[in-house]
Amino acid sequence: MLQIQNTLVSLDLIEKYFVCDLDSCLGACCIEGDEGAPLTAEESERIRAALPQAEAFMTPGGLREVRENGVDYFDRDGDRVTALVNGCECAFTCREPGGLCLCALEKARRQGAMAQDVKPISCRLYPVRVKEYDGFTAVNLHKWKICRPAERLGRKLGVRAYEFLKDPLIARFGREWYDELCVTAREWLKHEQEE
């Protein structure tokens, strides 16, 4: 772990290669798993307010779920997460030809149906997972077999996870934090190569 301001950052974020490969994984992170994506109360409220604009992009099952049970729920750890369909698929998943899964919230924004981006930061950061503790924030790289194509593509292109996730990391932690992360990462990788 490396300390960047008030965060502890996993070395995996710096050392591992990663570039999302949607052609290979087809967006499986949106439909596999047993919990929704982490949300803040503010994000939940923004999604709720934007729902009328996103509905046209959602699946019938996702739309039914949020209408009946809301846009979020509290998981077994007591964390607020996005609603799920059948206990695994994010309610905001939309399907494209060829089986590709995308985010209905993001698609609605990109197609001009909504002005602001309401896609949760946890989704934009994935595979980074952020956990708040007393006095610091842990920034870890989640490992999941469905992301192996992203690891291979990242290695092929020479792109590290922290580089690929630049924009969402800046959105979550700020430019100054990200710049410090980059300096620390370069020094760490240089040191590792010298050994």
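This structure is a prediction, so every number in the text was calculated from the model and none was measured.

**Observations concerning the side chain of serine 122**
Here serine 122 lies in helix H6 (residues 121–125). You can call serine 122 buried: its relative accessible area is 10%. There is a polar contact of 2.6 Å between the side chain of serine 122 and the backbone oxygen of proline 38. Every residue in contact with serine 122, bar those within four places of it in the chain, is listed here: Ala37, Pro38, Val128 and Arg129.

**Some thoughts on the nonpolar core**
Judged by nonpolar contacts, the single largest core of 28 residues is most densely connected at Leu13, Tyr162, Leu169, Trp177, Tyr178 and Leu181. Elements with a minimum of two residues in this core: strand E1 (2–4), helix H1 (11–15), H6, strand E10 (136–141), helix H8 (161–164), helix H9 (166–173) and helix H10 (175–194). Looking at which element gives the most residues to this core, the answer is H10, with six residues. Not counting chain neighbours up to four residues away, the residues in contact with leucine 181 comprise Ile4, Val9, Leu13, Ile14, Tyr162 and Leu169. One finds Ile47, Ala50, Ala83 and Ala104 within the second-largest nonpolar core, a separate group that totals 22 residues.

The rules behind these values
- Residues numbered from 1 in each chain as written.
- Predicted model: local features only at pLDDT ≥ 70, side-chain atom pairs only at ≥ 80, totals over all residues.
- Heavy atoms only, no water.
- Helix = DSSP H or I, 4+ residues; strand = E, 2+ residues; numbered from the N terminus.
- Buried < 20%, exposed > 50% of the residue type's maximum accessible area, 1.4 Å probe, protein only.
- Polar contact = N/O pair within 3.5 Å; in protein donor to acceptor, adjacent residues only side chain to side chain.
- Contact = heavy atoms within 4.5 Å.
- Core = buried A, V, L, I, M, F, W, Y, C linked by side-chain atoms within 4.5 Å.

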